[in-house]
Amino acid sequence: MSSRHRITLLAGDGIGPEILAVARQLLDAVSLRHGFSLDYNEQPIGGAAIDSCGVPLPESTLEACRASDAVLMAAIGSPQYDSLPRQQRPETGLLGLRAGLGLFANLRPVKILPALIEASSLRREVVEGVDLIVVRELTSGIYFGSPKGRVETDAGVRAFNTMAYSDHEIDRIAKVGFELAKERSGRLCSVDKANVLDVSQLWRERVESLHASAYPEVALSHLYVDNAAMQLVRQPSQFDVLLTGNLFGDILSDEAAMLSGSIGMLPSASLGSDGPGLFEPIHGSAPDIAGQDRANPMAMVLSAAMMLRVGLQQEAAAAALESAVDLVLARGYRTGDLMAPGCTELGCAAMADQLLAALEG
Ligand code: IPM
Ligand code: MG
């Protein structure tokens, strides 16, 4: 294991810079303690890159990411860019980064932390024990399909996108899902809309064929996406690995995130077949609270932990960051999004201090 890792840091927009600063403080502390060092390279993306370079994903940012061992990103997007043409929007920068690094597998774990069980909008008995992971295909499907666009017709304006998957794209993401299911409880639920969509029918066929040929020991089930959305709030503990395409995964992962009480707690990893992974919280840039020291930095810190574990094979340091988050919550410290009676409300910077203190034990 190399003891030096090159990290590209992408702060992005809104609360991005504040929460990334917290992750960096913790990474510095934990790397020192665990005997490795991190070389950081900060690069602009999203609105910040539009302001400084005129595009949401400068070539220099993509190059820096490619040359690093892992990429740690905070969040992108802000209403001030919403009226720009699509090619110049912050979201297009993120999609370009995912595509440019070949990050087809997006892993979004949702675990209910016992200290936060009351923060969920669902009843305790519904969310207790939830520990699932959404495996979302990230570089194809309707996000990237062509043709797409907007045309003027005699009957008016018409806009369209294409949801398409090739067999090999389904196979490689399904493989990630099956492998994870093997490491976890051995259950995989594939989510599609095969009762209506041709693309979903191919999806289901390929998942079934891979199951039969390579993963017969995994218990495979299928759900239509509408039913899956309902089951996620009805009985979420039935799920372990949820495998799905780009758009369905986008929607279901936000829904699943809410089980945990706040979207401000959830990290994610996006991985390709080789090269650096991208680690980011699943929440957005929260422009409404940006710069007010009110952001919850915990999903960002947990994303840094995921980077250490999955991207850099620094398991002990990853576990130390996760324990610090658990400990701070157990001590009753909360950011505003998680505030509950009897707890102590902290801003982002004060939460960072408590996380650093928790690292000490
Ligand atoms: C996510 C986000 C992105 C997506 C946006 C910001 C492009 O919602 O990562 O879930 O839709 O993939
Ligand atoms: Mg989303």
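Basis of the calculations
- Residues numbered from 1 in each chain as written.
- Chains lettered and ligands numbered in written order.
- Predicted model: local features only at pLDDT ≥ 70, side-chain atom pairs only at ≥ 80, totals over all residues.
- Heavy atoms only, no water.
- Near = heavy atom within 4 Å.
- Polar contact = N/O pair within 3.5 Å; in protein donor to acceptor, adjacent residues only side chain to side chain.
- Areas by Shrake-Rupley, 256 points an atom, 1.4 Å probe, with all protein chains shown as cover.
- Nonpolar A, V, L, I, M, F, W, Y, C, P; charged D, E, K, R; others polar.
- Helix = DSSP H or I, 4+ residues; strand = E, 2+ residues; numbered from the N terminus.
- Disulfide = S-S within 2.5 Å.
- Buried < 20%, exposed > 50% of the residue type's maximum accessible area, 1.4 Å probe, protein only.
- Domains from an automatic or database assignment.
- Contact = heavy atoms within 4.5 Å.
- Buried area = accessible area lost by both parts, 1.4 Å probe.
- Salt bridge = Lys/Arg side-chain N within 4 Å of Asp/Glu carboxyl O.
- 1 Å grid on protein atoms, 1.4 Å probe; cavity = no way out; pocket = protein on both sides within 12 Å on 5 of 7 lines; lining within 4 Å.
- Points joined across faces, edges and corners; volume = space filled by probe spheres on them.
- Axes fitted to C-alpha atoms, helices over the stretch in contact; angles between N-to-C directions.
- Parallel < 35°, antiparallel > 145°, perpendicular 65-115°, else oblique.
- Left-handed = near helix turned anticlockwise from the far one by under 90°.

**Some remarks on the site of ligand 1**
Around ligand 1 sit E91, R98, R108, R136, Y143 and D250, and that is every residue in its neighbourhood. Take D250: an N or O atom from its side chain is 2.9 Å from an oxygen atom of ligand 1. Protein burial of ligand 1: of its 320 Å² of free accessible surface, 77% is covered by the chains. Per-class residue counts for the shell around ligand 1 are one nonpolar, no polar and five charged.

**Quick notes on unusual backbone geometry**
Cis peptide bonds are those with omega within 30 degrees of zero, and the linkage from S146 to P147 qualifies with 5 degrees. Within the secondary structure, P147 is located in the loop between β5 (131–137) and β6 (149–153). Phi angles above zero are rare outside glycine, and A286 is one such case at about 40 degrees. Considering the arrangement of structural elements, one finds A286 in the loop between β12 (277–281) and α10 (298–311).

**Some words on the state of the cysteines**
Evaluation of the coordinates by the stated rule reveals zero disulfides. With no disulfide of its own, C53 lies closest to C65 among cysteine sulfurs, the gap being 13 Å. For C53, a relative accessible area of 41% gives the class partly exposed.

**Here's the deal with the domain arrangement of the protein chain**
With domains assigned, the protein chain is organised as domain 1 (1–101 + 276–361) and domain 2 (104–269). Taking the mean C-alpha position of each, domain 1 and domain 2 sit 23 Å from one another. Tallying the contact residues gives 22 residues for domain 1 and 22 residues for domain 2. Between domain 1 and domain 2 the total buried area reaches about 1,900 Å² when both faces are included, carbon and sulfur atoms providing 70% of it. Put simply, domain 1 and domain 2 have zero salt bridges between them. Seen at the junction of domain 1 and domain 2, the total is six residue pairs in polar contact (both at pLDDT 80 or more). Those elements giving two or more residues to the side of domain 1 that touches domain 2 turn out to be α4 (90–100), β12, α10 and α11 (315–330). Of all the elements, α10 adds the most residues to the side of domain 1 that touches domain 2, at five residues. A class-by-class count of the residues in the side of domain 1 that touches domain 2 yields 14 nonpolar, three polar and five charged.

**Describing the pattern of salt bridges**
Counted according to the given criterion, the structure contains 20 salt bridges. Residues R24 and E42 are paired through a salt bridge, measuring 2.8 Å at the closest nitrogen-oxygen approach. Residue R24 is located in helix α1 (residues 16–34), and its partner E42 is located in strand β2 (residues 37–43); the two are separated by 18 residues in the primary sequence. Assessed through its relative accessible area of 29%, R24 is described here as partly exposed. Here R136 and D250 are joined by a salt bridge, their closest N and O atoms 3.8 Å apart. Note that R136 is positioned in strand β5 and D250 in helix α9 (residues 246–259), a separation of 114 residues in sequence.

**Topic: empty space enclosed by the protein**
Scanning the entire structure with this criterion turns up one cavity of 30 Å³ or more. Of the pockets and cavities examined, the largest cavity occupies roughly 100 Å³. The wall of the largest cavity is formed by 14 residues, among which M163, Y165, S200, G245 and F248 lie closest to the centre. Every element with two or more residues in the lining of the largest cavity is listed here: β8 (187–192), α7 (198–214) and α9.

**Structural notes on the packing of α10 against α11**
Two quantities define a packed helix pair, namely the angle between the helix axes and the distance between the axes. Put simply, α10 and α11 touch, their axes get as near as 7 Å, and they point 160 degrees apart. Classed by the angle they form, the pair α10 and α11 counts as roughly antiparallel. For the pair α10 and α11, the sense of crossing is left-handed. The segment α10 lies against α11, with M298, V301, L302, A304, A305, L308 and R309 engaging E315, A317, A318, A319, L321, E322, V325 and L329.

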